[in-house]
Amino acid sequence: MPRVLERLTELVGEPASEGHRTSVRAEVRPDAVAEVGRFTFVIEWRGAGSVASVAAAADRSLVAAREIGAGAIPLVAVPFMGEVGRRRCRQAEVCWLDLSGNAHMVAPGLRVLVEGRPNRFKRRGRPANAFAPKSARIARWLLLHPHRVMSQREIARATDMDEGFTSRIVAKLESDRLVRRPRGGGVQVSDPGLLLDAWREVYDFSKHHVRRGHVPARSGDALLRQLSRAFVREGIEHAATGLGAAWLLARFATFRVVTLYLRQEPAPQLLEKASFHEEPRGANVWLVLPNDDGIFHGSAERDGIRCVHPVQVYLDLQDHPERAGDAARQLRADLLKWRDDG
């Protein structure tokens, strides 16, 4: 906490000192209350800037700030705040700072915005990850059934996973407050949007094997249908993602690049017949061999073309060209709303 107080002193230009927390109920008592000039900050510190951790800290600081009274400013502090965590704080109207030098603190009489400082606290080694290729089958299945309470055995069977492995991944999701255990047992998603944000924060499309090339076609839609027909004739299981899938699912804009997941590597003769030429620069076709077959869970036919589930399309779009960012936002608004009433 001393380093957080030092950062507040630097950012506000007034000495920061710890105030009293005893006016707040013990169960929601914040990590610290800081008096900085005429401002009172209600601080929740987290050792990692993951979206799940940040969301929990933001909720807690808001509750504590309300109990302290008018003028108290909720603040989340972390070593480094990622983009998804920043967005979560902005949505919750909670201020934040990180020890890497960034901050977003806006309140009556206060406006401090610092961005662009690199992460000074990158960890070596491989962190525990509930969204590694095989592990992510569980998150995907939960998001496909966001309002259901399921046993771990049911999840393991549905995702073709070992029960012990499933138990470890569910425990990790639970520790990150991404799933909960309702009375009576079972597992249920706590907040589907938060689970999706946490997954997207660490998702890396480049971990799949991607072959980029060019096929002559008059339009993206025509190209998508041409390739799909070719793979159907050869019995190759496939499913669209990226901008082509966004078009089929949400009718978002025309597109040039067609992206297809394939269950198996297509034969050279098939690619030659389809006029596919390997050409990374200027490619209009991405053929993707997924790093796990769970990619196909939840896929369904749309307008004659099989697409991966909207959850997978949303994840993939962040690494696609053209208007992929806008497509992701529309897809989420239209198909990934997850209202509590189911």
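Figured I'd write up the structure that's included with this text. Quick caveat: nothing in here was measured; it's all calculated off a predicted structure.

Things to note about the layout of surface pockets
Its boundaries defined by the atoms lining it, the second largest pocket holds a volume of some 150 Å³. In terms of lining, the second largest pocket is formed by Arg-38, Phe-39, Gly-71, Ala-72, Ile-73, Pro-74, Glu-93, Val-94, Cys-95, Val-106, Ala-107 and Pro-108. Among the secondary structure elements, those contributing two or more residues to the lining of the second largest pocket are β4 (72–78) and β6 (103–107). Considering each element in turn, the lining of the second largest pocket owes the most residues, 3 residues, to β4. When the residues that make up the lining of the second largest pocket are grouped by side-chain class, the tally is 9 nonpolar, 1 polar and 2 charged.

Remarks on the pattern of salt bridges
One pass over the structure, following the stated rule, counts 23 salt bridges. As a salt-bridge pair, Asp-197 and Arg-87 come within 3.5 Å of each other at their nearest N and O atoms. Taken together, the residues span a long stretch of sequence, with Asp-197 in helix α7 (residues 192–202) and Arg-87 in helix α3 (residues 83–92) at a distance of 110 residues. Its relative accessible area of 4% is what places Asp-197 among the buried residues. Note on Arg-87: relative accessible area 22%, which makes it partly exposed. Where Asp-303 meets Arg-225, a salt bridge forms, and the shortest distance between an N and an O atom there is 2.8 Å. Here the residue Asp-303 occupies a position in the loop between β15 (300–302) and β16 (305–307), and Arg-225 occupies one in helix α8 (residues 220–233), the gap between them amounting to 78 residues. Three or more residues joined by partner-sharing salt bridges are found here, namely Arg-87, Arg-88, Asp-191, Asp-197 and Arg-332.

Some points on the nonpolar core
For soluble globular proteins, nonpolar side chains are generally found buried alongside one another. Within the largest apolar cluster, 79 residues are counted, with the highest numbers of intra-cluster contacts made by Leu-142, Leu-173, Leu-195, Trp-199, Leu-260 and Leu-317. By residue number, the principal contributor to this core is helix α4 (residues 136–144), which donates 7 residues. Those residues within four positions of Leu-173 in sequence are excluded, and the remaining contacts are Ala-130, Phe-131, Ile-138, Leu-142, Leu-178, Val-179 and Leu-195. Ala-16, Leu-99, Ala-107 and Val-114 belong to the second largest nonpolar core, which has 24 residues in total.

The rules we used
- Residues numbered from 1 in each chain as written.
- Predicted model: local features only at pLDDT ≥ 70, side-chain atom pairs only at ≥ 80, totals over all residues.
- Heavy atoms only, no water.
- 1 Å grid on protein atoms, 1.4 Å probe; cavity = no way out; pocket = protein on both sides within 12 Å on 5 of 7 lines; lining within 4 Å.
- Points joined across faces, edges and corners; volume = space filled by probe spheres on them.
- Helix = DSSP H or I, 4+ residues; strand = E, 2+ residues; numbered from the N terminus.
- Nonpolar A, V, L, I, M, F, W, Y, C, P; charged D, E, K, R; others polar.
- Salt bridge = Lys/Arg side-chain N within 4 Å of Asp/Glu carboxyl O.
- Buried < 20%, exposed > 50% of the residue type's maximum accessible area, 1.4 Å probe, protein only.
- Core = buried A, V, L, I, M, F, W, Y, C linked by side-chain atoms within 4.5 Å.
- Contact = heavy atoms within 4.5 Å.

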